[in-house]
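Now for the letters of each chain:
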Amino acid sequence: MSSSGTEGPDNTLPSEAELAEMSRDELVKLGGKLDGVELVDYPEPWPVKGTRAEKRAERIVALWFTIAGLAGLAFVVGLIWWPWQYKAPGESGTFLYSLYTPVLGVTLGLTILGLGIGVLLYTKKFIPHELAVQERHDGNGEGSAEIDRKTIVAHLEDAGARSTIGRRSLVKRSMGFAGGALGLGLIGLPVASFIKDPWKDSDNENSLWHTGWLPKHPGEVVYMRRNTGKPGEISLVRVEDLDGGAMETVYPFRESERGDEEALAAAFLRSDNPVMLIRLRPEDAAKVVKRKGQEDFNFGEYYAYTKVCSHVGCPTSLYEQRTNRILCPCHQSQFDALHYAKPIFGPATRALAQLPITVNDEGYLVARGDFIEPVGPAFWERKS
Ligand code: FES
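Residues numbered from 1 in each chain as written. Predicted model: local features only at pLDDT ≥ 70, side-chain atom pairs only at ≥ 80, totals over all residues.

Peer 1: Help me understand the overall build of the protein, please; the structure alone is not making it clear to me.
Peer 2: A count of helical and extended segments in the protein gives 9 helices and 13 strands. The C-alpha radius of gyration of the protein comes to 36 Å, more than 25% above the 21 Å expected for a compact globule of 384 residues. Projected onto its principal axes, the C-alpha positions of the protein cover 110 × 50 × 30 Å. For the protein, contacts bridging at least 24 residues in sequence account for 69% of all contacts bridging at least 6. (Helix = DSSP H or I, 4+ residues; strand = E, 2+ residues; numbered from the N terminus. Rg over C-alpha atoms; globule rule 2.2 N^0.38 Å. Contact = placed C-beta atoms within 7 Å.)

This is the structure:
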């Protein structure tokens with residue numbers, strides 16, 4: 001808009017009294033004229049009010065806002081009540097758990113999409129599509145004159161009035177519903193973690209603090225079991241099974257699982273269960289440096305480390321006998337098996353968690369309890 005407000009293209013400016021008397025339409029035209037704006041075309045989208053076509057267009061817009069609103073509510077409900085706790089493949093509830101992230105993505109996406117389509121359709125169907133040509137003016141650093149302010153306000157009011165939003169209560173209500181649901185979802189995102197406490201009941205084996213090696217009751221013996229490729233077959237590791245320099249991946253087994261095909265298979269599938277059982281060569285075992293507090297975690301030349309990398313959780317499956325290094329193939333972290341599996345190369349910064357082990361009266365290797373720290377990558381609440 002022109003900032004001088006003292007002279008229009010035709011030098012016929014209305015007085016203040018005339019300005020006060022002018023209608024909104026007249027002010028709109030005046031504003032355009034002052035700025036050298038030529039309104040080439042300014043059609044009413046619906047010159048005949050209340051036609052079936054107009055009502056149908058209104059209902060379509062409202063439908064999209066309603067879809068957005070319902071999707072927004074579904075997002076909030078999913079965020080709070082959908083089963084989100086980890087389920088290992090094969091456990092009951094795995095399917096629903098696997099849908100948690102897709103449900104949040106689809107519902108939030110649909111909310112934003114519905115709102116966007118609703119606004120676009122409303123703009124297309126109900127906002128007048130004016131065609132105007134405007135010349136820009138330099139204001140010379142002066143503030144807007146009264147005449148400019150009045151005509152701008154008139155333009156804005158005119159746009160609002162011509163959009164007919166004021167008399168479309170169905171569109172207004174559905175838009176409010178959609179916007180409210182989206183707002184609720186956006187508020188819900190940061191506060192959801194306070195509604196659902198992930199650390200509630202964190203003493204069980206399914207929390208981040210524990211693994212499947214946690215005894216289910218005091219005194220329960222948790223054996224080391226190898227995977228023979230047959231989930232129902234139980235092959236336990238005896239102390240004479242490994243030669244010096246050998247490594248075997250082992251999983252927890254408890255007598256209560258004998259004959260329970262589902263539990264036996266689940267032990268192989270659970271991601272924090274795999275443990276590298278390493279038998280060091282005698283000459284290497286003599287060089288071992290133990291970590292403070294873990295001095296008795298090994299049994300002779302046997303050391304057991306989690307397979308879950310402390311960087312971002314890939315399986316550290318490679319053990320190089322010659323150098324006693326454990327390698328993670330994901331980002332090439334290396335851990336020294338002679339130094340409590342502390343990282344010596346790559347992005348990992350913490351040692352692999354060590355499982356305390358011993359041998360029972362029958363000569364089987366067993367865990368003396370769960371890991372004393374969480375396995376895998378760091379998380380906020382983790383102190384070690
Ligand atoms: S996950 Fe092991 S190095 Fe990155």
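Peer 1: Explain the domain arrangement of the protein here, please?
Peer 2: Where the parts come together, the accessible area they lose is often given as the size of the interface. Its domain assignment divides the protein into domain 1 (29-195) and domain 2 (222-367). Here the C-alpha centre of domain 2 lies 57 Å away from the C-alpha centre of domain 1. In this complex, domain 1 contributes 4 residues to the contact, which on the side of domain 2 involves 6 residues. Taken together, the residues of the side of domain 1 that touches domain 2 sort by class into 2 nonpolar, 1 polar and 1 charged. (Domains from an automatic or database assignment. Nonpolar A, V, L, I, M, F, W, Y, C, P; charged D, E, K, R; others polar.)

Peer 1: What is the right way to read helix 2 (residues 24-34) from this model?
Peer 2: For an α-helix, the turn length of 3.6 residues means that residues three or four places apart are oriented alike. For helix 2, every residue scored as buried is listed here: Leu 27, Val 28, Leu 30, Gly 31, Gly 32 and Leu 34. Check the buried side of helix 2 and you find it contacts strand 1 (38-41), strand 2 (131-133) and helix 6 (146-162). Where helix 2 terminates, the next one or two residues include Gly 36, which has phi positive at roughly 70°. (Buried ≥ 20, exposed ≤ 12 C-beta atoms within 10 Å, placed from the backbone.)

Peer 1: Would you take a moment to explain the UniProt feature "domain: Rieske" (unreviewed entry) in the protein for this structure?
Peer 2: The UniProt feature table records "domain: Rieske" (unreviewed entry) at residues 272-366. Split by type, residues 272-366 is 4% helix and 29% strand. Its first and last C-alpha atoms lie 17 Å apart. (UniProt positions renumbered as here; feature names shortened; annotations may be inferred.)

Peer 1: What am I meant to see in the sheet that holds strand 9 (residues 325-327) here?
Peer 2: Working definition: the strands of a sheet are paired by backbone hydrogen bonds and lie parallel or antiparallel to each other. In spatial order, the strands read 8-9-10-11; together these 4 strands make up an open sheet with antiparallel pairing. Among the strands making up the open sheet, the edge pair consists of strand 8 (318-320) and strand 11 (342-345). The mean inter-strand angle of the sheet, taken between neighbouring strand axes irrespective of direction, is 35°. For strand 9 and strand 10 (residues 334-336), the ladder comprises 3 bridges, and the chain directions are antiparallel. Bridge pairing in strand 10 links Ile 326 to Phe 335. (Pairing = 2+ DSSP bridges. Axes fitted to C-alpha atoms, helices over the stretch in contact; angles between N-to-C directions.)

Peer 1: Explain the confidence of the model for the protein here, please?
Peer 2: Interpreting fine coordinate detail is not advised for predicted regions of low pLDDT. When pLDDT is averaged along the protein, the result is 87; 92% of the residues meet or exceed 70. Contacts from residues 1-9, a stretch scored under 50 in pLDDT, to residues over four places away or in other chains number 26 contacts. (pLDDT = per-residue confidence, 0-100.)

Peer 1: Could you clarify how one ought to interpret the packing of helix 2 against helix 6 in this entry?
Peer 2: Between two packed helices, what matters for the description is the angle formed by their axes and the separation of those axes. At a closest axis distance of 8 Å, the pairing of helix 2 and helix 6 adopts a crossing angle of 120°. Between helix 2 and helix 6, the angle falls in the class oblique. Crossing hand, helix 2 versus helix 6: left-handed. Judged by residue contacts, Arg 24, Leu 27, Val 28, Leu 30, Gly 31 and Leu 34 of helix 2 engage Lys 150, Thr 151, Ile 152, Ala 154, His 155, Glu 157 and Asp 158 from helix 6. Residue composition of the contact of helix 2 with helix 6, by class: 6 nonpolar, 3 polar and 4 charged. (Parallel < 35°, antiparallel > 145°, perpendicular 65-115°, else oblique. Left-handed = near helix turned anticlockwise from the far one by under 90°.)

Peer 1: What is the right way to read the nonpolar core from this model?
Peer 2: Counting residues in hydrophobic clusters, the biggest one holds 40 residues, and the most contacted among them are Leu 277 and Ala 304. Counting only elements with at least two residues in this core, the list comes to strand 3 (222-226), strand 5 (246-253), helix 8 (261-269), strand 6 (275-279), strand 7 (302-306) and strand 13 (365-367). Apart from the residues lying within four places of it in its own chain, the contact partners of Leu 277 are Met 224, Val 237, Met 247, Glu 248, Val 250, Tyr 302, Ala 304 and Leu 365. With 18 residues, the next largest nonpolar core counts Val 61, Phe 65, Ala 74 and Leu 115 among its residues. (Core = buried A, V, L, I, M, F, W, Y, C linked by C-beta atoms within 7 Å.)

Peer 1: Got a minute to help me understand the packing of helix 3 (residues 52-81) against helix 5 (residues 100-126) in this structure?
Peer 2: Two elements in contact, helix 3 and helix 5, have axes whose closest approach is 8 Å; the angle formed by their N-to-C orientations is 160°. Taken together, the axes of helix 3 and helix 5 are roughly antiparallel relative to one another. Between helix 3 and helix 5 lies a crossing whose hand is left-handed. Grouping the amino acids of the contact of helix 3 with helix 5 by side-chain chemistry returns 19 nonpolar, 6 polar and 1 charged.

Peer 1: In this structure, what is going on with the environment of Val 222? I would like to understand it.
Peer 2: For Val 222, the position within the fold is in strand 3. Not counting chain neighbours up to four residues away, the residues in contact with Val 222 comprise Trp 213, Pro 215, Pro 252, Arg 254, Val 366 and Ala 367.

Peer 1: Sorry if this is basic, but what is going on with helix 6 here?
Peer 2: In this model, helix 6 (17 residues) spans 24 Å end to end at C-alpha, consistent with the 24 Å of a helix rising 1.5 Å per residue. Those residues of helix 6 that fall on the buried side of the exposure criterion are Ile 147, Thr 151 and Ala 154. Burial along helix 6 is one-sided: seen end-on, the buried residues are contained in an arc of 55°. Seen from the open side of helix 6, the exposed residues pointing more than 90 degrees away from its buried face are Glu 146, Leu 156 and Gly 160. Each element contacted by the buried residues of helix 6 is listed here: helix 1 (16-21) and helix 2. After helix 6 finishes, the residue Thr 164 shows a positive phi value of roughly 60°. (Expected span 1.5 Å × (residues − 1). Arc of directions from axis to C-beta.)

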